[in-house]
Amino acid sequence: MYTQALNTAEADDRGLEDAARAAQFQARIDAEERIEPNDWMPAAYRKTLTRQISQHAHSEIVGMLPEGNWITRAPTLRRKAALLAKVQDECGHGLYLYAAAETLGTSREELVDAMLAGKAKYSSIFNYPTLTWADIGTIGWLVDGAAIMNQIPLCRCSYGPYARAMIRVCKEESFHQRQGYEIMLTLCRGSDEQKAMAQDALNRWWWPVLMMFGPPDATSQHSDTSTKWKIKRFSNDELRQKFVDATVPQAQYLGLTIPDPGMTQDADGHWRYSEIDWTEFKQVLAGNGPCNRDRMAARRKAHEEGTWVREAAAAYAAKRAHRQTAQAAE
Amino acid sequence: MATPNTPLWEVFIRSRNGLAHKHVGSLHASDATMALQAARDIYTRRGEGLSIWVVPSTAITASDPADKGMMFEPAESKIYRHPTFYEVPEEVGHM
């Protein structure tokens, strides 16, 4: 994924971005060329991508918490092994994404510190609790399903390192969604209580999942330039609609009811959902969701408790380097 | 006391089909041993490879994108380096 050490473009951004360079840059984007770390890029492009990729990375890392909650209580060894593998994948995804974000010139330490200080955001969906085992099924099926919908177009994003990271992520994500749907299927074919548990989880997750696609197109603040730069290829509402159309038949197969009595199907086959409660979205984004404080506290605790490990590893590396220099001098 | 930034490593993996080591990504680790272990965990969770190289990122010298023209243009005009430049009559068959 290239290296920040090779990144010499930063100084360029401070100067005046002459119109000729910007035009040349846009021409490359329009020609579907990929932008690489050492290429010239507008400061705003760098800033937008650093924000987006690092938020994406934070989301993967925080996303380990709601599911990690159930690893020790998974109903069978098969489910436990799968969930553990999935949570490990989320960690891996976070790490690919941090590496991609770093190519834009911000160090890993700065990115992580911004998250721990509450200055950088992560996906609001992870501020909801996982109350029952059915929530694990629903997360895989819907949260990962929505993530895939968002991430597939990102495999063609104009920024090379981000696109490459997304290709890897998407390959692995498909297992996540299938394992989630399998959990739901098992519950729905089980006892009445198990099916009720699945329905309850769907009721609680449906609307927050629709919110994952972001504000409606009319009010989205980042969309225009991101579309021009080919970071974003579909609008929030387009992706949301795709997701709903794909998901409704899956819910029907499970025999579950989407908690939207106003939902209707168009003549052209699209499922039209009711108005989304954006005040809830804003509340969660502002830090007032059910688990915001828990998630931040868990991340900070993990970071603090890992301090001695980072320090010991650095001290050991320094000692070995020192010894090698001393031996070379003899 | 602030811990110094952990060094960056580039990871290369050789897949089982006998191809060359290929760059797959990067990671942070304090030393080579830890970099190798982290590369195993991050980049080979699904049998992606049979051999891993980790290289300190600072050890890589890269060509400058600004020199792209100078570096690669000379090859572009030399179409006679490709087999399709040469005509072989159809009767001769595949060559």
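Residues numbered from 1 in each chain as written. Chains lettered and ligands numbered in written order. Predicted model: local features only at pLDDT ≥ 70, side-chain atom pairs only at ≥ 80, totals over all residues. Heavy atoms only, no water.

As recorded in an unreviewed UniProt entry, chain B goes by 1,2-phenylacetyl-CoA epoxidase subunit B and comes from Bradyrhizobium cajani.

Per an unreviewed UniProt entry, the recorded name for chain A is 1,2-phenylacetyl-CoA epoxidase subunit A, and the organism is Bradyrhizobium cajani.

K.L.:
Help me get a handle on the interface of chain A and chain B, residues and values and all.
P.N.:
Chain A puts 30 residues into the contact, and the matching count from chain B is 26 residues. Both sides of the chain A and chain B interface together cover about 2,100 Å² of buried area, and 53% of this is carbon and sulfur. Across the chain A-chain B interface, the total number found is 5 salt bridges. Across the pair Glu172 of chain A and Arg45 of chain B runs a salt bridge, and its minimum N-O distance is 2.9 Å. (Contact = heavy atoms within 4.5 Å. Buried area = accessible area lost by both parts, 1.4 Å probe. Salt bridge = Lys/Arg side-chain N within 4 Å of Asp/Glu carboxyl O.)

K.L.:
Which residues make up the nonpolar core, and what values do they have?
P.N.:
In terms of nonpolar packing, the biggest core is built from 92 residues, with Tyr45, Tyr159 and Trp206 of chain A together with Leu27 of chain B touching the most fellow members. Ranked by residues supplied to this core, first place goes to helix α8 (residues 160-188) of chain A with 12 residues. Ignoring any residue separated from it by four or fewer positions in sequence, one finds Tyr45 of chain A in contact with Phe25, Ile29, Ile35, Ser158, Tyr159, Trp229 and Ile231 of chain A. (Core = buried A, V, L, I, M, F, W, Y, C linked by side-chain atoms within 4.5 Å. Buried < 20%, exposed > 50% of the residue type's maximum accessible area, 1.4 Å probe, protein only. Helix = DSSP H or I, 4+ residues; strand = E, 2+ residues; numbered from the N terminus.)

K.L.:
Could you give an account of the sheet that holds strand β1 (residues 8-14) of chain B, with specific residues and numbers?
P.N.:
All names here are of chain B. The strand order across the open sheet formed by 3 strands is β2-β1-β3, and the pairing between neighbours is antiparallel. Each edge of the open sheet carries a strand with a single partner, namely β2 (22-28) and β3 (51-56). Averaged over all pairs of adjacent strands, the angle between strand axes in this sheet comes to 30 degrees, irrespective of strand direction. Sheet topology note: the β1/β2 ladder contains 6 bridges and is antiparallel. Residue pairing in the sheet places Phe12 in a bridge with His23 of β2. Sitting on the sheet, helix α1 (residues 32-43) is in contact with β1, β2 and β3, with an inclination near 115 degrees to β2. (Pairing = 2+ DSSP bridges. Axes fitted to C-alpha atoms, helices over the stretch in contact; angles between N-to-C directions.)

K.L.:
Run through the packing of aromatic side chains, naming residues and quoting values.
P.N.:
All names here are of chain A. Tallied over the full model, the rule gives 13 aromatic pairs over all chains. Considering the side-chain rings of Phe25 and Trp40, the 6.1 Å spacing of their centres and the 80 degrees angle between planes classify their relative orientation as edge-to-face. One end of the pair, Phe25, is in helix α2 (residues 19-30); the other, Trp40, is in the loop between α2 and α3 (43-62), with 15 residues separating them in the sequence. Across the pair, exposure class does not vary: Phe25 and Trp40 are buried alike. (Phe/Tyr/Trp six-rings, centres within 6.5 Å; stacked < 30°, edge-to-face > 60°.)

K.L.:
Which residues make up the domain arrangement of chain A, and what are the values?
P.N.:
Interfaces are often sized by the amount of accessible area the parts lose when they come together. All names here are of chain A. Each domain of chain A was delimited in the assignment, giving domain 1 (19-277) and domain 2 (290-329). Here the C-alpha centre of domain 2 lies 30 Å away from the C-alpha centre of domain 1. Taken together, the contact between domain 1 and domain 2 spans 15 residues of the former and 9 residues of the latter. Summed over both partners, the interface of domain 1 with domain 2 buries about 1,100 Å², with 67% contributed by carbon and sulfur atoms. Counting the surface domain 1 buries against domain 2, the share from its top three residues, Leu65, Leu116 and Asn127, is 51%. Inspection of the region where domain 1 meets domain 2 yields 0 salt bridges. (Domains from an automatic or database assignment.)

K.L.:
An account of the packing of helix α7 (residues 133-151) of chain A against helix α11 (residues 236-254) of chain A is requested, with residue identities and associated values reported.
P.N.:
Residues and elements named next belong to chain A. For the pair α7 and α11, interaxial distance at closest approach is 10 Å and the crossing angle is 145 degrees. In the crossing of α7 with α11, the sense of the turn from one axis to the other is right-handed. For the pair α7 and α11, the contacting residues are Trp141, Leu142, Gly145, Ala146, Met149 and Asn150 in the first and Leu239, Lys242, Phe243, Ala246, Thr247, Gln250, Ala251 and Leu254 in the second. The residue inventory of the contact of α7 with α11, partitioned by class, reads 9 nonpolar, 4 polar and 1 charged. (Left-handed = near helix turned anticlockwise from the far one by under 90°. Nonpolar A, V, L, I, M, F, W, Y, C, P; charged D, E, K, R; others polar.)

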